[in-house]
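The residues making up each chain are set out below.
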Amino acid sequence: MAKVYTGTGRRKSSIAQVKMVPGKGKITVNGRDVREFFPYETNVMDLKQPLVATNNENTFDIEVKVNGGGFTGATGAIRLGIARALLEYDAPNEGNEGSYRQILKRAGFITRDSRAKERKKPGLKAARRAPQFSKR
């Protein structure tokens, strides 16, 4: 049985659970092909960035379950999940020169992007947008 490497990624209100198994490079999101799930090629390119940075585009088959948010949040969550799964795979080489941790950290793929939508405040139309002022 092949070893399964896992990683959880979060971005905005999306949560992605990533399972990585040695394979041919097939990516499945919620039971569908990645290109079928995401409408834009930029989303697919964005979530593959950790694989490209570590030269593993055709090394692993990846199965993803993603919940919540839109396409951008889901893409960011999957990217972080893939990066974390790659760190789990490369754990024995962690301190060495050229380890995945160094490569991914330099590219900024390990850091969780904590930006999220600010909550709406009472008396305002949105988080900071006030109602239009009328002098008369």
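Bear in mind that the values here come from a model prediction, so they are computed numbers and not experimental data.

Participant: Quick question: what am I supposed to make of the overall build of the protein chain here?
Facilitator: Summing up its helical and strand segments, the protein chain has four helices and five strands in all. Order of helices (α) and strands (β) in the protein chain, N terminus to C terminus: β-β-β-β-α-α-β-α-α. Against the compact-globule benchmark of 14 Å for 136 residues, the protein chain has a radius of gyration of 18 Å, which places it well outside the compact range. On the principal axes, the C-alpha backbone points of the protein chain span a range of 75 × 35 × 25 Å. Evaluated residue by residue, the protein chain yields a buried proportion of 33% over its 136 residues. Put simply, the protein chain shows about 8900 Å² of open surface, and 49% of that area lies on carbon and sulfur atoms.

Participant: Can you help me understand the pairing of strand 1 (residues 5–11) in this one?
Facilitator: The two faces of the sheet receive side chains in turn, since in a regular strand these alternate between them. Alternating positions in strand 1 separate cleanly, Tyr5, Gly7, Gly9 and Arg11 being buried on one face and Thr6, Thr8 and Arg10 remaining unburied on the opposite face. Here strand 1 runs beside strand 2 (residues 14–22); their pairing, made up of seven bridges, is antiparallel. Bridged to Thr8 within strand 2 is Gln17.

Participant: I would appreciate a short explanation of the packing of helix 3 (residues 71–89) against helix 4 (residues 100–107) in the present structure.
Facilitator: Helix packing geometry: the angle between the two helix axes and the distance between the axes. One way to put it is that helix 3 packs onto helix 4 with a least axis distance of 9 Å and a crossing angle of 160 degrees. On the basis of the axis angle, helix 3 is roughly antiparallel to helix 4. Helix 4 is crossed by helix 3, and the crossing has left-handed handedness. Facing Ala83, Leu86, Leu87 and Tyr89 of helix 3, the residues of helix 4 in contact are Tyr100, Arg101 and Leu104. A per-class count over the contact of helix 3 with helix 4 returns six nonpolar, no polar and one charged.

Participant: What exactly am I supposed to notice about the sheet that holds strand 2 here?
Facilitator: Hydrogen bonds between backbone groups are what pair the strands of a sheet, and the pairing can be parallel or antiparallel. In spatial order, the strands read 1-2-5-3-4; together these five strands make up an open sheet with mixed pairing. In this open sheet, the two edge strands, each paired with only one partner strand, are strand 1 and strand 4 (32–33). Sheet topology places strand 3 (residues 27–29) next to strand 5 (residues 60–67); three bridges connect them, and they run parallel. Across the sheet, residue Thr28 finds its bridge partner in strand 5, namely Glu63. Packing of helix 3 onto the sheet brings it into contact with strand 1, strand 2, strand 3 and strand 5, and relative to strand 1 it is tilted by some 150 degrees.

Participant: Which parts of the structure should I look at to understand the side chain of Arg11?
Facilitator: Mapped onto the secondary structure, Arg11 falls in strand 1. Note on Arg11: relative accessible area 11%, which makes it buried. Here the side chain of Arg11 touches Arg115 through a polar contact of 3.2 Å, landing on its backbone oxygen. Once residues within four sequence positions are removed from consideration, Arg11 is found in contact with Thr72, Gly73, Gly76, Ala77, Arg112, Asp113 and Arg115.

Participant: Help me understand helix 2 (residues 41–53), please; the structure alone is not making it clear to me.
Facilitator: What sets the pattern is the α-helix's 3.6 residues per turn: residues three or four places apart point alike. For helix 2, spanning 13 residues, the distance from its first C-alpha to its last is 18 Å, which sits close to the expected 18 Å at 1.5 Å a residue. Largest kink in helix 2: about 40 degrees, centred on Leu47, with the proline Pro50 one to four residues after it. Along helix 2, the residues that are buried comprise Asn43, Val44, Leu47, Pro50 and Leu51. Looking at the buried positions of helix 2, the neighbouring elements they touch are strand 3, helix 1 (34–37), strand 5, helix 3 and helix 4. Trailing helix 2 by a residue or two, Asn55 shows a phi angle of about 55 degrees, which is positive.

About the cut-offs
Residues numbered from 1 in each chain as written. Predicted model: local features only at pLDDT ≥ 70, side-chain atom pairs only at ≥ 80, totals over all residues. Heavy atoms only, no water. Helix = DSSP H or I, 4+ residues; strand = E, 2+ residues; numbered from the N terminus. Rg over C-alpha atoms; globule rule 2.2 N^0.38 Å. Buried < 20%, exposed > 50% of the residue type's maximum accessible area, 1.4 Å probe, protein only. Areas by Shrake-Rupley, 256 points an atom, 1.4 Å probe, with all protein chains shown as cover. Pairing = 2+ DSSP bridges. Axes fitted to C-alpha atoms, helices over the stretch in contact; angles between N-to-C directions. Parallel < 35°, antiparallel > 145°, perpendicular 65-115°, else oblique. Left-handed = near helix turned anticlockwise from the far one by under 90°. Contact = heavy atoms within 4.5 Å. Nonpolar A, V, L, I, M, F, W, Y, C, P; charged D, E, K, R; others polar. Polar contact = N/O pair within 3.5 Å; in protein donor to acceptor, adjacent residues only side chain to side chain. Expected span 1.5 Å × (residues − 1). Bend = angle between axes of the 7 residues up to and from the residue.

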